[in-house]
Amino acid sequence: MPGRRLKLLYASVEDANDPSVWSGIPYRVQSHLRETGIDLCLASPLRRSPLDKVIGAGQKVRNAAWGKTQYLRMREPILLRHFAAQIETIAQKEQPDAILATSTLPIARLETDLPLFLWGGSTFRQMHNYYPEFSGLSKRSIRTAEEMESEAVAKCDAIFLASDWARRAAIRDYGARPADTHVVPWGGVAPETDVQSSEVALRRNGPCRLLVIGNPWRRKGIDAAIEATMLLREEGFPCELTIVGDTPPAGLELGEGVKLIRRLDRRDHDQRTQLENLLTESSFLLALSSAEAYGQVVNEAGASWLPVIASRTGGLADAVVEGVNGVLVECPVQPRQVADVVRSVWTDELKYNAIAQASSQLFQSERSWPASVSLLATLIQTAVGDRRSRP
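Just so it is clear, the structure is predicted and the values come from calculations on it, not from any experiment.

Draft legend 1. Expanded view of the overall build of the chain. The number of helices and strands found in the chain is 14 helices and 12 strands. For 391 residues, the compact-globule formula gives about 21 Å, and the C-alpha radius of gyration of the chain, at 22 Å, lands near that figure. Projected onto its principal axes, the C-alpha positions of the chain cover 65 × 60 × 40 Å. By the burial criterion, 52% of the 391 residues in the chain qualify as buried. For the chain, the proportion of contacts with a sequence separation of at least 24, taken over those separated by at least 6, is 67%. For the chain, the accessible area works out to roughly 17600 Å², and carbon and sulfur atoms hold 50% of it.

What follows is the structure, encoded as structure tokens:
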């Protein structure tokens, strides 16, 4: 499109102007797309259909009647059509060159001749029986969700996934075209003040400090992190564990050397500073999830030169590059293996420093939000140009 900027309509069910929703992904996408020079207009947040509450009430009744069976009303075609109609109305007014969504929900029922792009973290089939909220689904929910996912994938000119794990699944399970399906990692937020190598050296002044960030407790493997900490302390290895983001199950004693910070909100300056200090001053981030579609916190650890010990599961196994920004352990996680990795890497100062430095370099080159969105913008502009040049 010589002579003018690409005009892109970004559609998001969530409010893309609110940095607190969905790990801040919609907010980061729209704000950094503007920085690339793209002329951006929003279809966000998308209003829910008036039928949403009616269908939701009916599903609660069915859930109660059928015990553990769950229904996913957000995959109901009539509700998704309501999202799509809003996008179509905004597209008619704004006249964009292309449309981008960060979920299949807004575009599954979309009717458009415009180039269409998806930037996602995973597919429905990957989430099914992987995350608790996608487990025990009714046959109707599974069938409808699969149909909506297939329709959305088929509509897209190109698909961008946060991990190779997700890319392979989109190709294998939904027939996404390999040449038009790319890995574009979600980004991470950089600290307000750049971390220096001298600050990494200061981590040696005291015990080995372990950090866990996230919720829910069970899926994030926080029990395994506590057990690994206890093993190391019992063996005389000085270490502490800080848990940020969740409360323990009722009756669980955290034990000596374990500190709990229930939640830190980045929108609050003091709380953001506290979180950034934790990332800078800790020795390792433990990301021991039993299930994880990606794991943006790995990138934010990289921004602070913080090595990660992570479970080999889902997209998390792609977010952590073995020996570059961290070390992978097997899933289900064995606390003994985690403890051994902590001890081995921490006591090898040269190895530890090499991973810390490499994690920062990876963040700067590929894993920051500006780097990720810049790659996305380039791929979209190329795809739109290619489509326009076809006879």
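Draft legend 2. Main features of empty space enclosed by the protein. Under the criterion given, the structure shown has one cavity of 30 Å³ or more. Considering only enclosed or pocket space, the largest cavity measures out at about 40 Å³ in volume. In terms of lining, the largest cavity is formed by Val-298, Asn-299, Gly-302, Asn-325, Ser-359, Leu-362, Phe-363 and Arg-367. For the lining of the largest cavity, the elements supplying multiple residues, two or more each, are α10 (297-303) and α13 (349-367). Class assignment of the residues belonging to the lining of the largest cavity gives a composition of three nonpolar, four polar and one charged.

Draft legend 3. Examining the pairing of strand β8 (residues 239-244) more closely. Counting buried residues along β8, five of its six residues qualify, which places the element largely inside the surrounding structure. By the bridge criterion, six bridges tie strand β7 (residues 208-213) to β8 in an arrangement that is parallel. Its bridge partner lying in β8, Arg-209 is registered against Glu-240. For the crossover that starts at β7, traverses helix α8 (residues 222-234) and ends in the parallel β8, the hand is right-handed.

Draft legend 4. Layout of helix α12 (residues 335-347). For α12, built from 13 residues, the straight-helix expectation of 18 Å at 1.5 Å per residue is met to within 8% by its first-to-last C-alpha distance of 18 Å. Every buried residue of α12 is accounted for by Pro-335, Val-338, Ala-339, Val-341, Val-342, Val-345 and Trp-346. Seen from one end, α12 has its buried residues packed into an arc of 160°, which puts them on one side. Elements in contact with the buried residues of α12: β7, α8, β10 (284-287), β11 (308-311), β12 (326-329) and α13.

Draft legend 5. Inspection of the side chain of Asp-246 at higher detail. Note on placement: Asp-246 falls in the loop between β8 and β9 (258-261). One buried charge, Asp-246, has no salt-bridge partner; the nearest side chain with opposite charge is Arg-262, at 8.3 Å. Apart from the residues lying within four places of it in its own chain, the contact partners of Asp-246 are Gly-214, Asn-215, Pro-216, Trp-217, Leu-260 and Arg-262.

Draft legend 6. Representation of the pattern of salt bridges. All chains considered together, the criterion is met by 25 salt bridges. Glu-151 is the salt-bridge partner of Lys-155, the closest N and O atoms lying 3.8 Å from each other. Remark: Glu-151 and Lys-155 occur in helix α5 (residues 139-155); sequence separation between them is four residues, near one turn of the helix. In this structure, the salt-bridge partner of Arg-172 is Asp-173, at a minimum N-O distance of 3.0 Å. Residue Arg-172 is classed as exposed on the basis of its relative accessible area of 58%. Sharing partners across several salt bridges, the network here consists of Asp-18, Arg-263, Asp-265 and Arg-267.

Draft legend 7. Local environment of the sheet that holds strand β1 (residues 7-11). Pairing within the open sheet is parallel, and its six strands lie in the order β2-β1-β3-β4-β5-β6. Looking at the sheet topology across the chains shown, the edges are occupied by β2 (39-43) and β6 (181-183). On average, each strand axis in the sheet is tilted by 20° relative to the strand beside it, whichever way the strands run. Sheet topology note: the β1/β2 ladder contains five bridges and is parallel. Considered in β2, the bridge of Leu-9 is made with Cys-41. Each of β1, β2, β3 (98-101) and β4 (116-120) touches helix α1 (residues 25-35); the most contacted strand, β2, lies at about 155° to it. Those strands touched by helix α3 (residues 77-94) are β1, β2 and β3, and its axis lies near 160° from that of β1.

Draft legend 8. Just helix α14 (residues 369-389), in detail. In this model, α14 (21 residues) spans 30 Å end to end at C-alpha, consistent with the 30 Å of a helix rising 1.5 Å per residue. Among the residues of α14, Trp-369, Ala-371, Ser-372, Val-373, Leu-376, Ala-377, Ile-380, Ala-383 and Val-384 are the ones counted as buried. A distance of 3.2 Å separates the backbone nitrogen of Ala-371 from a side-chain oxygen at the start of α14, and that oxygen is part of Ser-368.

Draft legend 9. Main features of the packing of α8 against α12. Two elements in contact, α8 and α12, have axes whose closest approach is 8 Å; the angle formed by their N-to-C orientations is 60°. The angle between the axes of α8 and α12 places the two elements in the oblique class. The handedness of the crossing between α8 and α12 is right-handed. Taken together, the residues of α12 that come into contact with α8 (itself represented by Ala-224, Glu-227, Ala-228, Leu-231 and Leu-232) are Pro-335, Arg-336, Val-338, Ala-339, Val-342 and Arg-343. Residues belonging to the contact of α8 with α12 are distributed by class as follows: eight nonpolar, no polar and three charged.

Calculation rules
Residues numbered from 1 in each chain as written. Predicted model: local features only at pLDDT ≥ 70, side-chain atom pairs only at ≥ 80, totals over all residues. Heavy atoms only, no water. Helix = DSSP H or I, 4+ residues; strand = E, 2+ residues; numbered from the N terminus. Rg over C-alpha atoms; globule rule 2.2 N^0.38 Å. Buried < 20%, exposed > 50% of the residue type's maximum accessible area, 1.4 Å probe, protein only. Contact = heavy atoms within 4.5 Å. Areas by Shrake-Rupley, 256 points an atom, 1.4 Å probe, with all protein chains shown as cover. 1 Å grid on protein atoms, 1.4 Å probe; cavity = no way out; pocket = protein on both sides within 12 Å on 5 of 7 lines; lining within 4 Å. Points joined across faces, edges and corners; volume = space filled by probe spheres on them. Nonpolar A, V, L, I, M, F, W, Y, C, P; charged D, E, K, R; others polar. Pairing = 2+ DSSP bridges. Right-handed = clockwise from strand over helix to strand, strands pointing away. Expected span 1.5 Å × (residues − 1). Arc of directions from axis to C-beta. Lys, Arg positive; Asp, Glu negative; His and termini not counted. Salt bridge = Lys/Arg side-chain N within 4 Å of Asp/Glu carboxyl O. Axes fitted to C-alpha atoms, helices over the stretch in contact; angles between N-to-C directions. Polar contact = N/O pair within 3.5 Å; in protein donor to acceptor, adjacent residues only side chain to side chain. Parallel < 35°, antiparallel > 145°, perpendicular 65-115°, else oblique. Left-handed = near helix turned anticlockwise from the far one by under 90°.

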